[in-house]
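Examining the three-dimensional arrangement
Residues per chain, in single letters:
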Amino acid sequence: MANENSPLLAYRLLGEEGVSFPASGAGGPGGAPARKLSTFLGVVVPTVLSMFSIVVFLRIGFVVGHAGLLQALAMLLVAYLILALTVLSVCAIATNGAVRGGGAYCILQPRWTDATGSSGLRTLPQGYGWNLLYGSLLLGLVGGVCTLGAGLYARASFLTFLLVSGSLASVLVSFVAVRPRDIPLTPRPGPNGSSLPPQVGHFTGFNSSTLKANLGAGYAKDYTTGATMTFASVFAVLFNGCTGIMAGANMSGELKDPSRAIPLGTIVAVAYTFFIYILLFFLSSFTCDRILLQEDYGFFQAISLWPPLVLTGIYATSLSASMSSLIGASRILHALAQDNLFGVILAPAKVISQGGNPWGAVLYSWGLVQLVLLAGKLNTLAAVVTVFYLVAYAAVDLSCLSLEWASAPNFRPTFSLFSWHTCLLGVASCLLMMFLISPGAAGGSLLLMGLLSALLTARGGPSSWGYVSQALLFHQVRKYLLRLDVRKDHVKFWRPQLLLLVGNPRGALPLLRLANQLKKGGLYVLGHVTLGDLDSLPSDPVQPQYGAWLSLVDRAQVKAFVDLTLSPSVRQGAQHLLRISGLGGMKPNTLVLGFYDDAAPQDHFLTDPAFSEPADGIQEGGSPALSTLFPPPRAPGSPRALSPQDYVATVADALKMNKNVVLARACGALPPERLSRGSGGTSQLHHVDVWPLNLLRPRGGPGYVDVCGLFLLQMATILGMVPAWHSARLRIFLCLGPREAPGAAEGRLRALLSQLRIRAQVQEVVWGEGSASSQEPEEEEEGDFVNGRRGDAEAEALACSANTLVRAQQGRGGGGGPGGPEGGDGEEGPATALTFLYLPRPPADPARYPRYLALLEVLSRDLGPTLLIHGVTPVTCTDL
């Protein structure tokens, strides 16, 4: 058997890709990164440091001082609820198979210390140049650590974690050990350049009165910006400090066991930071009055047993957050570059060291951050950065939601504490937060994401990803196909569902496009029969052909399915396709065949611009040209795969199966603008002629109202709805015998057309007009001529006379429009673009099949593009 071993399925956070890793987790050949980081060093430490950053030291007083303890706790619960919903999605996807490097495709975020947050931090010279120098030095240090690899980063992060933990421990001890004290505050500038009177903040120790005073909100002006704070603005600052849950996931390529480490480490980090934030909120509310909280955001130093340790923690958290962001962004850029999503733009990010460290991506990320530093105004990017984080979180939730809704059997994560409800709530909460923080940034980010998605959709992603959209479509299509009950079909909602049998698409392109126009939103299937017997073949020759046929559908720009079969004969293959094509209520009701004649096949691949290909037969990307996947057209006089006997038998089989039949002749003569998807590209007027009666049984009277005649009218009307055929006028011809009074049949037909809402010219023609003989044939039974009861010579004469009659009307101007009764001797006018003829039933005797085909050839000879149609099902309705 062909390859029965499938690679382990691996789901990314934003896409799936099948990969495999060495069992030992070490770096494989070709510079694959070594997987050596544990859960604690690889996930817990970077996630904790990213979620703390400097907010834990400089924004606790800001949040509690303005919002009060109760609202601050509510904000924290809401923020962590949003984070927890995303964490559940991350855990679900991370535990559904192997995880490759790159983590989540998210946005690069530089974090840096705000030196205006506390008077105690103004120990260094300030200004654009100084800030650029400080940022560049810090970025150089961080970049150097990340360039040397994940191992050094992990050790540096652990050292930073110890410093931050020690600093926080000293703060917690200080709340208990330090006695009450008054803390002088820096005078604030007042109006007209004057200074306001100095204020004093109070550290009261644990005091119930202090707690009571800090329970409610007290929103005031922020002394760093001068803006009056609100619930939304304070919540945005708090939430910005809580982001960073992807720091561990971004290190997926360096983790020993990412499927276990990412969910476990992320949950531990989130729980730990939540506990620390809660504890600091309570301690601050119990011990510090509101003046101190609102007027000195760096009050931890003022109440600390050893203030330099707090300052060390501030710079350590800034350093750690910068390292986490830089190394995480570099891994993401490296993954993007490997997938060639943006071509040469990210090509430098592909470079890796011998040990697998993507140092090229680190330098690329370093350069991007340096550009941001040169721009200055880092604080103005805070809202944009937070919104981009929320976009990434929403994308993760949406990815998990899509996988859950798709119900794919291979999506079975070992982490089960999630559902589509949590995913949907996560998406909604992220979107709500985005617009709450910054409506402008939220709208801009969504627009940017939409443009990027459109670009990636147009370029096409890596084929190894797998597209969850396909799984979702399958799920929804299956559900609605089950609800499409054939027992509830009604003629009011009938539409053509076509099965076009194609031998060689090189000679069938015009018919393929014409059938696409006739489907009117219905099912359209391209069928092909490969001759052979599976018992005598080593493998199925049909399956490898699907790719070429699907490429044909794409190139021809038709909305069609492809169904191929293997059969000893074309007739048996056609029976297979008629029976099994489609699904449920979407099954073909009409068989379309090219006409069987002696015309030499044309190679439309050579003349159609959509099929122009390189001379070497190789398309862009290395795939073979489409022209090399199909054989050249059959040479004139060469044997055919289908005999005239089997051709007519196939038509008879379709009618026995209660399928309508369309035989298309000379469709290659249709002008290209008539087969285009646009409006036709020409203003030249053409006619579409319909002869809704059997010309081999041309009696007058009500014969035109039979099922087959109405089917012809319906198909011609459908074609007129296509934009490329809007300029064509519909003409319907009625045949009158020499003894038949004109006007009666036309009046009945006009009344019927009015009921059916069909706009057309109606023209009566006298049988035999334009032919050598004008004598009307005697009364005959259905099938007299095709069954041979009247003799071959008489039948051929009748077919020739009918052909002459039809050709005589082509190119005539016709009677004066829908209201004009005259016709038959009109002056020269627009030519006929397409003719619809009534297709008689094949004879009951199979021995008469070749003669029947010969009559059809005479009947449709030299008529130009012609459709011979036989309908067996009612398709028109006068009700709304």
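Please read all numbers here as calculations on a predicted model, not as lab measurements. (Residues numbered from 1 in each chain as written. Predicted model: local features only at pLDDT ≥ 70, side-chain atom pairs only at ≥ 80, totals over all residues. Heavy atoms only, no water.)

A few points about the overall build of the protein chain
Formally: Strands are runs of DSSP state E lasting at least two residues, helices are runs of H or I lasting at least four, and both sets are numbered from the N terminus onward. When checking whether two residues touch, look at their non-hydrogen atoms; a contact exists if any pair is within 4.5 Å. Per-residue accessibility takes into account occlusion by the displayed protein chains alone, with areas from the Shrake-Rupley method and a 1.4 Å probe.
Within the protein chain, the secondary structure is distributed over 24 helices and 14 strands. When contacts within the protein chain are restricted to residue pairs at least 6 apart in sequence, those whose partners lie at least 24 apart make up 81%. For the protein chain, the computed accessible surface area is about 39000 Å², with 62% contributed by carbon and sulfur atoms.

Notes on the environment of Pro184
Inspection of the secondary structure assignment puts Pro184 in strand β3 (residues 181-184). For Pro184 and Leu292, which are 108 residues apart along the polypeptide, the C-alpha to C-alpha distance reads 9.1 Å. Not counting chain neighbours up to four residues away, the residues in contact with Pro184 comprise Gln199 and Val200.

Details of the nonpolar core
Condition: Throughout this description, the term nonpolar core refers to a set of buried Ala, Val, Leu, Ile, Met, Phe, Trp, Tyr and Cys residues connected via side-chain atoms within 4.5 Å. A simple rule labels every residue: compare its accessible area, found with a 1.4 Å probe on the protein chains alone, to the largest value its type can have, and call it buried under 20%, exposed over 50%, or partly exposed in between.
Counting 102 residues, the largest nonpolar core has Phe57, Phe175, Tyr277, Leu280, Phe281 and Phe300 as its most contacted members. The residues contacting Leu280, other than those within four sequence positions of it, are Val56, Ile60, Leu168, Val171, Leu172, Phe175 and Phe300.

As for the sheet that holds strand β10 (residues 686-691)
Backbone-to-backbone hydrogen bonds pair the strands of a sheet. The strands run either parallel or antiparallel. How we decide: Two strands qualify as a pair provided that DSSP identifies no fewer than 2 bridges between them. Here an axis means a line fitted to C-alpha atoms, over the contact stretch when the element is a helix, while the angle between two N-to-C directions is reported on a 0 to 180 degree scale.
Spatially, the ten strands line up as an open sheet ordered β7-β6-β5-β8-β9-β14-β13-β10-β11-β12, and their pairing is mixed. Because the sheet does not close on itself, it has two edges, and the strands there are β7 (561-567) and β12 (761-766). Each strand axis lies, on average, 25° off the axis of its neighbour in the sheet, ignoring direction. Direction of pairing for β10 relative to strand β13 (residues 832-838): parallel, over a ladder of five bridges. Bridge assignment links His687 to a residue of β13, and that residue is Thr832. This element, helix α19 (residues 570-580), spans β5 (498-501), β6 (524-531), β7 and β8 (590-594) of the sheet and lies at about 135° to β7. Running at roughly 155° to β13, helix α21 (residues 707-720) makes contact with β8, β9 (660-665), β10, β11 (728-736), β13 and β14 (866-870) of the sheet.

Let's talk about the packing of aromatic side chains
What counts is decided by this rule: Aromatic rings from Phe, Tyr and Trp, taking only the six-membered ring of Trp, are treated as a pair when their centres fall within 6.5 Å; an angle between ring planes under 30 degrees marks them as stacked, one over 60 as edge-to-face, and anything in between as tilted. We count a charge as sitting over a ring when the NZ of a lysine or the CZ of an arginine lies within 6 Å of the ring centre and within 35 degrees of the ring normal.
Summed over all chains, the structure comprises 23 aromatic pairs. Note on Tyr80 and Tyr277: the rings are 6.5 Å apart at their centroids and 65° apart in plane angle, and the pair reads as edge-to-face. Residue Tyr80 is found in helix α3 (residues 60-94), and its partner Tyr277 is found in helix α8 (residues 258-287); the two are separated by 197 residues along the sequence. Each member of the pair, Tyr80 as well as Tyr277, is classed as buried. Aromatic rings pair up to connect Phe52, Tyr80, Tyr272, Phe274 and Tyr277 into one cluster. A cation over an aromatic ring shows up here: Arg59 above the ring of Phe62, its NZ or CZ 5.8 Å from the ring centre. Arg674 extends its terminal NZ or CZ atom over the ring of Trp725, reaching a point 5.3 Å from the ring centre.

Examining a positive patch on the surface
Here is the rule we go by: Patch definition: residues above 30% relative accessible area lacking any salt bridge, with like charges linked at up to 9 Å and the nonpolar side chains Val, Leu, Ile, Met, Phe, Trp and Tyr linked at up to 5 Å. Here, a salt bridge means any Lys or Arg side-chain nitrogen found within 4 Å of an Asp or Glu carboxyl oxygen. As used throughout, the charge tally considers Lys and Arg to be positive and Asp and Glu to be negative, leaving His and the chain termini uncounted. Each charge is placed at NZ for Lys, CZ for Arg, CG for Asp and CD for Glu.
Taken together, the side chains of Arg478, Lys479, Arg483 and Lys488 define a basic patch exposed on the protein surface. Looking at the secondary structure, you find Arg483 in helix α16 (residues 468-483).

Let's talk about the pairing of β7
Just so we agree on the cut-off: If you view a crossover with the strands going away from you and the path from the first strand over the helix to the second runs clockwise, you call it right-handed.
With respect to burial, β7 is a largely interior element, six of its seven residues being buried. Bridging between β6 and β7 involves seven bridges; their strand directions are parallel. Note that in β7 the partner of Thr530 across the bridge is Leu566. For the crossover from β6 across helix α18 (residues 546-556) to β7, the handedness is right-handed.

Considering the confidence of the model for the protein chain
Put simply, the rule reads: Per-residue confidence from the predictor is given as pLDDT, running between 0 and 100.
Looking at the protein chain, the pLDDT average stands at 81 and 82% of residues meet or exceed 70. Note that pLDDT drops below 50 for residues 1-32; the model gives that stretch 67 contacts with residues more than four away or on any other chain. Of the regions scoring below 50 in pLDDT, residues 101-111 engages in 50 contacts with residues more than four places distant in sequence or in other chains.

Quick notes on the pattern of salt bridges
Applying the stated criterion across every chain, the model contains nine salt bridges. Across the salt bridge formed by Asp485 and Arg487, the nearest N and O atoms sit 2.9 Å from each other. The exposure class of Arg487 is exposed, given its relative accessible area of 73%. Note that Arg731 is salt-bridged to Asp689, the shortest N-O span being 2.8 Å. Of the two residues, Arg731 is situated in strand β11 and Asp689 in strand β10; the sequence distance between them amounts to 42 residues. Each of the two residues, Arg731 as well as Asp689, counts as buried. Through salt bridges with shared partners, a single network forms among Asp597, Arg665, Glu857 and Arg861.

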